Amino acid sequence: MRIPSRKRCERLGARGGNSHRTATSIQWRRTFPQKRKQLTMSKPRVFVTRKIPAAGLDRVLAACDADVWPDPLPPPHEVLLQRVAGCEGVLTLLTDKVDVEFFEAAGPQLRVVSNFAVGCNNIDVGEATRRGIRVGNTPDVLTDATADMAFALLICAARRIVEGQDFVRRAQWKTWEPLGHVGADLIGRTIGIVGMGRIGYAMATRCRGGWGMQVLYHDQCASEKAEQFLLARRVDLDTLLSQADFVSVHADLNDTTRGMFNAEAFRKMKPTAIFVNTARGLLHVAADLYQALRQGWIFAAGLDVTDPEPIPMDDPLLTLPNCVIAPHIASATVSSRNGMADIAADNLLAGLQGQPLRCWVNPL
Ligand code: GLV
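Calculation notes
- Residues numbered from 1 in each chain as written.
- Predicted model: local features only at pLDDT ≥ 70, side-chain atom pairs only at ≥ 80, totals over all residues.
- Helix = DSSP H or I, 4+ residues; strand = E, 2+ residues; numbered from the N terminus.
- Buried ≥ 20, exposed ≤ 12 C-beta atoms within 10 Å, placed from the backbone.
- Contact = placed C-beta atoms within 7 Å.
- Pairing = 2+ DSSP bridges.
- Axes fitted to C-alpha atoms, helices over the stretch in contact; angles between N-to-C directions.
- Core = buried A, V, L, I, M, F, W, Y, C linked by C-beta atoms within 7 Å.
- Domains from an automatic or database assignment.
- Arc of directions from axis to C-beta.
- Parallel < 35°, antiparallel > 145°, perpendicular 65-115°, else oblique.
- Nonpolar A, V, L, I, M, F, W, Y, C, P; charged D, E, K, R; others polar.
- Near = placed C-beta within 6 Å.
- pLDDT = per-residue confidence, 0-100.
- Left-handed = near helix turned anticlockwise from the far one by under 90°.

Each helix and strand in the protein was counted, giving 14 helices and twelve strands. By the burial criterion, 42% of the 364 residues in the protein qualify as buried. Taking contacts inside the protein between residues at least 6 apart in sequence as the whole, the part at least 24 apart equals 68%.

So, in structure tokens, the structure goes:
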């Protein structure tokens, strides 16, 4: 199974800065002259699909004629289509579908879509590129927070912490039990990282440095850094599944990776294995994961992502004590969310000016 390459942050960073015009931006202006900013005193119209931290929102409000969706829940799709009509820029979240219909509804003046997320699987990036619309994302600032969450889920699942808390809250705790609540050791085990990008590397660093684990990884690109500093070994997926004690997935969601953790994959894992997914819910097949956990093909799972989100309350995974589920909160730390807001605002404002984005998904 190949994991298509990720957008490398170094590459994005190298394109960063929005203070001067580059050859790329000049060429972009020639290719899409209709998108050249009119010399006008009016502020550009933008739609911001949710309140984001002031670290970014304040600058957007100061520079733009901004319509900010006030509710905690996303705008319904038809409302989104109405609100983007006539906008030059839109600041979106993962919950907003940005597709042909969106671009048609927005109109030809749309110059930039700034996604408040590192992943862009809610956006038809190819279509944006064809239309000369810049797309930005927010990498790097959430790497450590997400790796912390992956490790937290691993240790929670291994040591049965949530199950233990439920036990306490149900008033079942009667005594200290020599045979009760026994979980898995982490020290010196083998972690299997699927997708050795920034977050995969950060997770592997925690496992190697803090817990002395061996690191196996599966990725279409070799990571010299992981091999040199973490003594990581690149292996095919089957080897990783059969040899790793814990499998943590950090791959992009795309046509190659969708559903890669299915019954066949779970059956290859050790019965003592723990599966961790902080990337995207569609990377695993929920019904197969349920069988794997229920039938004891694997020991436990820790998920920060599900499909759909939120997970329906009648989803059978919620009945399992050996499945820890968090509500997609891996980037929810103060510095990550402020950093994401800062980058998302920079991307939006740069795109409105026809400048290179600080973190540019589709350099044009
Ligand atoms: C969250 O899942 C993100 O892609 O930022």
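Okay, the sheet that holds strand 11 (residues 300–303) next. Strand order in this open sheet of seven strands is 8-7-6-9-10-11-12, and the pairing throughout is parallel. Each having just a single partner strand, strand 8 (233–234) and strand 12 (323–325) make up the two edges of the open sheet. Each of strand 9 (246–249), strand 10 (274–277), strand 11 and strand 12 touches helix 7 (residues 143–159); the most contacted strand, strand 11, lies at about 150° to it.

Bringing the nonpolar core into the picture now. The biggest cluster of nonpolar side chains holds 98 residues, and the ones touching the most others in it are Ala204, Val215, Val247 and Ile274. It is helix 7 that contributes the most residues to this core, ten residues altogether. Looking at which domains feed residues into this core, each of domain 1 (9–141 + 335–352) and domain 2 (143–325) supplies at least three. Once residues lying within four places of it in the same chain are set aside, the contact partners of isoleucine 274 are Leu154, Ala157, Ala158, Ala184, Phe246, Ile298, Phe299, Ala300, Ala301 and Gly302.

A separate point is unusual backbone geometry. Along the chain, aspartate 307 connects to proline 308 via a cis peptide bond; the corresponding omega equals 0°. One can find proline 308 in the loop between strand 11 and strand 12. Look at the link from glutamate 309 to proline 310: it is a cis peptide, with omega at -5°. Checked against the element boundaries, proline 310 lands in the loop between strand 11 and strand 12. With a phi close to 75°, aspartate 140 is a non-glycine residue in the positive phi region. Of note, aspartate 140 is situated in the loop between strand 5 (134–136) and helix 7.

A word on helix 13 (residues 286–294). What helix 13 keeps buried is the set Leu289, Ala292 and Leu293. Buried residues of helix 13 fall within an arc of 95° about the axis and therefore sit on the same side. Glycine 296 lies just past helix 13 and shows a positive phi near 80°.

Further remarks concern the sheet that holds strand 2 (residues 65–68). Judged by pairing direction, the sheet is parallel, and its five strands sit side by side in the order 2-1-3-4-5 without closing on themselves. One side of each edge strand has no neighbouring strand; the edge strands of this open sheet are strand 2 and strand 5. Neighbouring strand axes in the sheet, compared pairwise and without regard to direction, differ in orientation by 15° on average. Of the pairings in the sheet, the one linking strand 1 (residues 45–48) to strand 2 comprises four bridges and is parallel in character. By the bridge assignment, phenylalanine 47 is partnered in strand 2 with aspartate 67. Of the strands in this sheet, strand 1, strand 3 (89–92), strand 4 (112–115) and strand 5 touch helix 14 (residues 334–352), which is tilted by about 175° from strand 4.

Moving on: the packing of helix 3 (residues 54–63) against helix 14. Two elements in contact, helix 3 and helix 14, have axes whose closest approach is 6 Å; the angle formed by their N-to-C orientations is 25°. Taken together, the axes of helix 3 and helix 14 are roughly parallel relative to one another. Contacts between helix 3 and helix 14 involve Ala55, Gly56, Leu57, Arg59, Val60 and Ala63 from the former and Asn338, Ala341, Asp342, Ala344, Ala345, Leu348 and Leu349 from the latter. Here the contact of helix 3 with helix 14 is composed, by residue class, of nine nonpolar, two polar and two charged.

The next thing to look at is the environment of isoleucine 329. With respect to the helices and strands, the residue isoleucine 329 is situated in the loop between strand 12 and helix 14. Judged by the 12 C-beta atoms lying within 10 Å of it, isoleucine 329 falls in the exposed class. Along the chain, isoleucine 329 and valine 305 lie 24 residues apart, while their C-alpha atoms are 8.6 Å from each other.

Position of glycine 126 relative to the elements: it lies in helix 6 (residues 125–130). In sequence terms glycine 126 and asparagine 362 are 236 residues apart; their C-alpha atoms lie 8.3 Å from each other.

The environment of the ligand is made up of Leu94, Ala117, Val118, Gly119, Leu142 and Ser331. For the shell around the ligand, a count of residues per class yields four nonpolar, two polar and no charged.

Right, let's get into the confidence of the model for the protein. Scored by pLDDT, the protein has a mean of 91; 89% of the residues are at 70 or more. Under a pLDDT of 50 for its full length, residues 1–30 has, in the predicted model, 49 contacts with residues more than four places off or in other chains.

Taken N-terminus to C-terminus, the directions of helix 7 and helix 9 (residues 198–211) make an angle of 55°; their axes are 8 Å apart at the nearest point. Relative to helix 9, the element helix 7 is oriented oblique. Judged by the sense of rotation from one axis to the other, the crossing of helix 7 with helix 9 is right-handed. Listed contacts from helix 9 to Thr143, Asp144, Thr146, Ala147, Ala150 and Phe151 of helix 7 are Arg198, Ile199, Ala202, Met203 and Arg206. When grouped by side-chain class, the residues that make up the contact of helix 7 with helix 9 number six nonpolar, two polar and three charged.

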